[in-house]
Amino acid sequence: MFQVSRRVSVCGAALGLAALAALAPLSPFAAASPLPATGVAPVRVDAGYKITLNGFDLGTFNFKSDVGRTRYTLDTDVDISALLGVFRWKGVTHSTGALKPNALVPADFRFDYESTVRDGSVAMGFGKDGVDRLSVLPVTVEAPDTVPLAPDHLKGVFDPLSAILAITHSDAPSPCGRTFAIFDGKQRFDIALRFVRKEPVAGIPTETAIVCRVKYTPIAGYRPTDDTRQLAASNDIEIVFRLVPAAKLMLPQSVAVPTAIGTARIDLDRVNIQVLERGRVASVD
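For the structure given in this document, a descriptive report is provided here. Nothing here was measured: the structure is a model prediction, and the numbers come from that model. (Residues numbered from 1 in each chain as written. Predicted model: local features only at pLDDT ≥ 70, side-chain atom pairs only at ≥ 80, totals over all residues. Heavy atoms only, no water.)

### A short note on the pairing of strand 4 (residues 87-100)
Judged from the twelve bridges that link them, strand 3 (residues 71-82) and strand 4 form a sheet pairing that is antiparallel. Paired with D77 across the two strands is V92, which belongs to strand 4. Bridge count between strand 4 and strand 5 (residues 103-115): twelve bridges; the pairing is antiparallel. In the sheet register, S95 faces strand 5, and the bridge partner there is F109. The antiparallel hairpin formed by strand 4 and strand 5 contains two residues in its connecting segment. (Pairing = 2+ DSSP bridges. Helix = DSSP H or I, 4+ residues; strand = E, 2+ residues; numbered from the N terminus.)

### Considering the pattern of salt bridges
Applying the stated criterion across every chain, the model contains 15 salt bridges. The shortest N-O distance in the salt bridge between E199 and R197 comes to 3.2 Å. The salt bridge partner of R242 is E207, with a shortest N-O separation of 2.9 Å. One end of the pair, R242, is in strand 11 (residues 237-244); the other, E207, is in strand 10 (residues 204-220), with 35 residues separating them in the sequence. Classification of R242 by relative accessible area gives buried; the value is 17%. Where salt bridges share partners, they join R197, E199, R213 and E238 into one cluster. (Salt bridge = Lys/Arg side-chain N within 4 Å of Asp/Glu carboxyl O. Buried < 20%, exposed > 50% of the residue type's maximum accessible area, 1.4 Å probe, protein only.)

### Quick word on the packing of aromatic side chains
Applying the stated criterion across every chain yields a total of five aromatic pairs. Between Y49 and F61, the ring centres sit 6.0 Å apart and the planes meet at 65 degrees, which makes this aromatic pair edge-to-face. Residue Y49 is located in strand 1 (residues 43-53), and its partner F61 is located in strand 2 (residues 56-67); the two are separated by twelve residues in the primary sequence. In this structure, Y49 and F61 share a single accessibility class: buried. Clustering of aromatic rings is evident, with ring pairs tying together W89, F111 and Y113. (Phe/Tyr/Trp six-rings, centres within 6.5 Å; stacked < 30°, edge-to-face > 60°.)

Written out as structure tokens, the structure reads:
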């Protein structure tokens with residue numbers, strides 16, 4: 001069940017939340033290519049997601065973003081409970097950064113988690129070339145088969161929440177067709193989003209959602225275990241995005257991750273979107 005929870009974390013980071021996110025520091029997810037600030041609208045988003053496994057409630061994922069004209073602040077909290085509460089995991093993440101004329105620039109990232117297995121934290125700071133400050137607690141001895149991190153692996157990367165911003169806040173016609181690269185404090189990995197289809201938005205047949213398939217590629221800081229190899233070999237992770245043009249937002253509706261014991265899902269439960277010049281754009285409960 002712990003491995004399943006790690007995979008749900010991976011999902012969340014792709015949330016675009018997806019991740020694809022706060023969920024991401026426990027496992028693999030993405031970093032992003034430069035995002036023009038002109039593609040990001042000043043907007044606030046408050047979204048809540050349900051996490052399930054084979055239809056059974058596993059927990060919640062909440063995401064908040066406050067994007068201005070030159071700065072952004074992102075927050076998530078994740079609460080996972082399994083085996084009738086025998087296993088519990090909670091994570092809180094905070095990220096800040098700047099919006100430059102031709103790039104999204106992360107500044108600080110903080111991730112704190114507690115569980116029935118272990119408590120810990122990750123803190124990162126970014127300079128002009130990438131990560132220049134890093135603290136990971138508790139301090140542990142890396143396993144001998146861990147693929148080592150090199151200084152170049154910390155350059156030109158985003159933290160998991162900044163990657164979510166890059167994926168979801170844009171006026172591009174689609175979130176698919178892009179590759180993102182991330183460092184979560186332990187692992188460096190790439191994530192590629194590939195278009196697979198369009199489908200009606202659940203409950204709103206007049207709107208169309210875009211479905212991207214997610215490909216995870218580990219780079220460094222990971223162990224080549226069966227679980228990692230299976231995740232890297234998977235071509236079945238999907239994120240469904242609903243486009244909100246007025247907010248220049250690609251809202252993740254759902255994430256589906258096949259596992260050995262069934263499908264883990266993250267599904268939108270509620271959302272409030274506020275474009276600063278227009279007031280509230282959407283509210284779904």
